[in-house]
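Here are the chains, one letter per residue:
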Amino acid sequence: MKITGKHIADLLEHWAPLSLQESYDNSGWLVGNPIDEVTGVLCTLDCTEEVLEEAKLKGCNLIVAHHPIWFGGKKRLGSHYTDRVIIQAVQWGIGIYACHTNADAVETGVNAKILEKLGLKNGRILSPNYENLQQLTTFVPVQHADEVRQALFDAGAGWVGNYSHASFNTEGVGTFKGEEGSAPTLGRVGQVERVQEMKIEVLVPKWKQREVISALHKVHPYEEVAYFLTSLQNAHQQTGMGMVGELNEAISWNAFVHLVKSEFHVPVVRHTRAKGDVKKIAVCGGSGSFLLNDAIRAGADVFLTADFKYHEFFEADGKIVIADIGHYETEQFTSEIFCDLIQEKFPNFAVLKSTIRTNPVNYS
Ligand SMILES: [Zn+2]
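What you see is a predicted model, and the numbers here were worked out from it, not measured in a lab. (Residues numbered from 1 in each chain as written. Predicted model: local features only at pLDDT ≥ 70, side-chain atom pairs only at ≥ 80, totals over all residues.)

## Section: the overall build of the chain
Secondary structure summary: the chain contains 12 helices and 15 strands in total. Dimensions along the principal axes, computed over C-alpha positions, put the chain at roughly 85 × 55 × 40 Å. Taking all 364 residues of the chain together, 37% fall into the buried category. In the chain, once contacts between residues fewer than 6 apart in sequence are set aside, the share between residues at least 24 apart is 73%. (Helix = DSSP H or I, 4+ residues; strand = E, 2+ residues; numbered from the N terminus. Buried ≥ 20, exposed ≤ 12 C-beta atoms within 10 Å, placed from the backbone. Contact = placed C-beta atoms within 7 Å.)

## Regarding the domain arrangement of the chain
Domain annotation of the chain identifies domain 1 (5–102 + 333–353), domain 2 (106–126 + 241–325) and domain 3 (132–232). Centre-to-centre separation of domain 1 and domain 2, based on C-alpha positions: 29 Å. At the junction of the two partners, domain 1 supplies seven residues and domain 2 supplies six residues. Among the elements that line the side of domain 1 that touches domain 2, the one with the most residues is helix α12 (residues 334–345), at three residues. Within the side of domain 1 that touches domain 2, the residues separate by chemical class into five nonpolar, one polar and one charged. (Domains from an automatic or database assignment. Nonpolar A, V, L, I, M, F, W, Y, C, P; charged D, E, K, R; others polar.)

## Re the pairing of strand β10 (residues 235–251)
With seven bridges joining them, strand β5 (residues 121–130) and β10 adopt antiparallel strand pairing. Looking across to β10, one finds that N129 is bridged to H236. (Pairing = 2+ DSSP bridges.)

## Thoughts on the environment of G326
When you line up the elements, G326 lands in the loop between β14 (321–324) and α11 (327–331). Ignoring sequence-local partners within four residues, the contact set of G326 consists of V266, A306 and V361.

## Looking at the sheet that holds strand β7 (residues 168–177)
Remark on secondary structure: sheet strands pair via backbone hydrogen bonds, oriented parallel or antiparallel. The sheet built from four strands is open, its strands ordered β7-β8-β6-β9 with antiparallel pairing. Each having just a single partner strand, β7 and β9 (227–231) make up the two edges of the open sheet. If you compare each strand with its neighbour and ignore which way they point, the axes differ by 30 degrees on average. Of the pairings in the sheet, the one linking strand β6 (residues 133–141) to strand β8 (residues 192–205) comprises nine bridges and is antiparallel in character. Opposite Q134, over in β8, you have V204 as the bridge partner. Helix α6 (residues 145–154) contacts β6, β7 and β8 of the sheet and is inclined by roughly 20 degrees relative to β8. (Axes fitted to C-alpha atoms, helices over the stretch in contact; angles between N-to-C directions.)

## Some details on the sheet that holds strand β15 (residues 351–353)
Read across the open sheet, the five strands follow the order β1-β4-β3-β2-β15; overall the sheet is mixed. Strand pairing shows two members of the sheet lacking a second neighbour, β1 (28–31) and β15, which therefore form its edges. When the angles between neighbouring strand axes are averaged without regard to direction, this sheet yields 25 degrees. Where β1 lies against strand β4 (residues 95–98), three bridges are found, and the strand directions are antiparallel.

## Looking at helix α5 (residues 110–118)
Along α5, the residues that are buried comprise V110, N111, K113, I114 and L115. For α5, the secondary structure elements touched by its buried residues are α4 (101–105), β5, β10, β12 (278–287), α11 and α12. Downstream of α5 by one or two residues, G119 has phi in the positive range, about 75 degrees.

## Regarding the packing of helix α1 (residues 5–15) against α12
Taken N-terminus to C-terminus, the directions of α1 and α12 make an angle of 115 degrees; their axes are 10 Å apart at the nearest point. Note on packing geometry: the crossing formed by α1 with α12 is right-handed. Packed against α1, whose contacting residues are I8, L11, L12 and W15, the element α12 presents L341, I342 and K345 at the interface. (Left-handed = near helix turned anticlockwise from the far one by under 90°.)

## Structural notes on the environment of G181
Inspection of the secondary structure assignment puts G181 in the loop between β7 and β8. With 6 C-beta atoms counted inside 10 Å, the residue G181 sits in the exposed group. Taking C-alpha positions, G181 is 12 Å from E224, a pair spaced 43 residues apart along the chain.

Here you go:
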C-alpha cells in the first residue's frame, strides 16, 4: 500500500484533532504536499537542521515534530535558523508536520507519557477544556430509533467520561405537512401527518460533529432530518491542559528526586522547598507555570513541569512543591508517542525516532 502524508496526518489528527490546538499554535502541515508518497517518517521533538540531515541520511521524506518550527506568519525567508530549515526541507523534498498543543490536550498525549514514565496511576486532566461539547437532539420514528442511536454512537457521540452509549430518549408525537416539492417518507403531500417519534439526545465533541451529523443523515429515514445542535459550557474531562496522577504509595522527597533524575535523565531538579512525602503529582510537559493554581487545587504534592521564572517560584507559597526539570526534558518522550501510533497503524512501514538531542539548553 502506498502511504502518503495524508495517511499519516489523518491518523495523528484522529488521535489529536487539530481543533484542540491553542490559538497561538501552528500545528498541522508546515512544509510539503500531503499527497506525496512517504518513504519513511522521522519523529522528533524539534525539527532542526541536524534532524533534517538525519532524515535525509535515513531515507525519510517526512518529519513529524512536536514543536512547529514557526508560529506566526512569515513574510520572507532569509537566514534565520527556522528559514534555513524550511529552505533545506523544500530543496531535499522533505515534508514537515507538527503535532503540538493538540497532542498536549488529549488524555493519551504528552502528559500521559510523563505519568507513564513516573509510574503514576489514576491519571486525569488537570484543567479540562470548556466549550468543546455540544448536545445533539434529533427526532426519529420510534421503529428507527435503535438504528439511528447506534449510528450516532458508532460515529463518536454519546460519551460521558468513561461511559459510552449515553443518551436520553423521550417518546412523543411529531407533526409535519409535506408541501409542494416534498417527498415524505410517511404520509402524503398536503396532509398533516402525526407520527410517534423518539427524541434522542446525545453529547458530541465538536471535532466529531461532521462525522456524527453525516452518520445521522445516512441512517435517518426522513427526507428532511430534524435535529439541532446546542453548544454547551460543560468541561470536557478527556481534553485539556496538564494531568495529575498518583504513585502507588507515598515516597520520600529524596526518592522522588532520584526517580525523576533517572527517568528523565536530568542532572539537576530546580524546585521550591521540599515538604514531606510525595504521592500525588501534577505534570505539564513544557511551559506549565500557568497551571500552578490548578495543581494546588488538585491537591498535588508536587508540580513537575518546566520554564518557571524566578518570581513564579514564590507562588508555590508552601502549598505545593514546584519541580522544574526543563522543557526538553519533560517532552523528550513525545516522539515515542508519534512513533508508536504510526507503527501500530502501519506496521510494515519505516518509522524512526530521531537520535538527535535537540535541547538548546546545556548544563556544565
Ligand atoms: Zn514544548
